[in-house]
Amino acid sequence: MKKIFSLSVLLCLLVGCSKLTVDNSVGVKDLDRSRYLGDWYEIARYDHRFERGMDRTKAHYELRDDGNVTVLNTGMKNGKPTEAKGVAKFTDTPGLLRVSFWGPFYSDYRVMLLDDDYQYALIGSGSDDYLWILSRTPQISPEIKEKILTEAQRRGYDTTKLLWPTH
């Protein structure tokens, strides 16, 4: 019994014991990979350490020969350019990708809302700690912003925590 308890505690420490407080389910029935590729500007995000203090943030997705996607995130931090390169793998669930910037460690990338014309998206993760609003352009209209924020709020996300980087 002691071993089972110890294993449970260790597992909680490794993967987290927090209860999910949002609906982070994938919101697309189909994801056209070729249409999703290219540049996406980060319009808003929850604060997290690997993007803290960054502006002019953008992601570029490019199909690789092995069917996976190269992810190149760029931005400016303290007036200096910064970039992070990773890989995204498609899963059997449309709109659910697994993304890694650190070797064998992958995280969920969940497309929760996607415009029919692939012009804007609401992205979540496997936890309620991450949220992104992406667009093909550096700015979005007030109507689109309201539509995305309404969807995020409907799913239980606290949109007052969003940061709005400059472009």
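First, a word on what this report is: a plain description of the structure on this page. (Residues numbered from 1 in each chain as written. Predicted model: local features only at pLDDT ≥ 70, side-chain atom pairs only at ≥ 80, totals over all residues. Heavy atoms only, no water.)

### A look at the pairing of strand 8 (residues 131-135)
The buried fraction of strand 8 amounts to 5 of the 5 residues, a majority that puts the element mostly inside the structure. Going residue by residue along strand 8, you find Leu 131, Ile 133 and Ser 135 tucked away on one face and Trp 132 and Leu 134 tucked away on the opposite face as well. Relative to strand 8, strand 1 (residues 38-46) runs antiparallel, the two sharing 4 bridges. Of the residues in strand 8, the one forming a bridge with Arg 45 is Trp 132. Where strand 7 (residues 120-124) lies against strand 8, 5 bridges are found, and the strand directions are antiparallel. Each bridged residue has a counterpart across the sheet, and for Gly 124 the counterpart in strand 8 is Leu 131. Counting the residues that bridge the hairpin from strand 7 to strand 8 gives 6 residues. (Buried < 20%, exposed > 50% of the residue type's maximum accessible area, 1.4 Å probe, protein only. Helix = DSSP H or I, 4+ residues; strand = E, 2+ residues; numbered from the N terminus. Pairing = 2+ DSSP bridges.)

### Some details on the pattern of salt bridges
Inspection of the entire model under this criterion finds 9 salt bridges. Residues Asp 39 and Lys 58 are paired through a salt bridge, measuring 3.7 Å at the closest nitrogen-oxygen approach. Highlighted residues: Asp 39 in strand 1 and Lys 58 in strand 2 (residues 54-63), separated in sequence by 19 residues. Close ionic contact of Asp 47 with Arg 52 constitutes a salt bridge, the shortest N to O distance being 3.1 Å. Residue class for Asp 47 comes out partly exposed when judged on its relative accessible area of 36%. Overall, Arg 52 belongs to the partly exposed group, its relative accessible area being 42%. (Salt bridge = Lys/Arg side-chain N within 4 Å of Asp/Glu carboxyl O.)

### Quick notes on the side chain of Asn 24
Tracing the chain through its elements places Asn 24 in the loop between helix 1 (2-15) and helix 2 (33-36). The buried category is assigned to Asn 24, whose relative accessible area is 7%.

### Here we look at unusual backbone geometry
Located in the positive-phi region is Arg 56, a residue other than glycine, with phi close to 50°. Along the chain, Arg 56 falls in strand 2.

### Points about the environment of Val 99
Topologically, Val 99 is positioned in strand 5 (residues 96-102). When its relative accessible area of 12% is taken as the criterion, Val 99 is described as buried. Along the primary structure Val 99 and Ala 88 are separated by 11 residues, whereas in three dimensions their C-alpha atoms are 4.2 Å apart. With sequence-adjacent residues up to four places away left out, Val 99 is seen in contact with Val 87, Ala 88, Phe 105, Tyr 106, Ser 107 and Tyr 109. (Contact = heavy atoms within 4.5 Å.)

Functional significance is not addressed by these values, which are geometric in nature.
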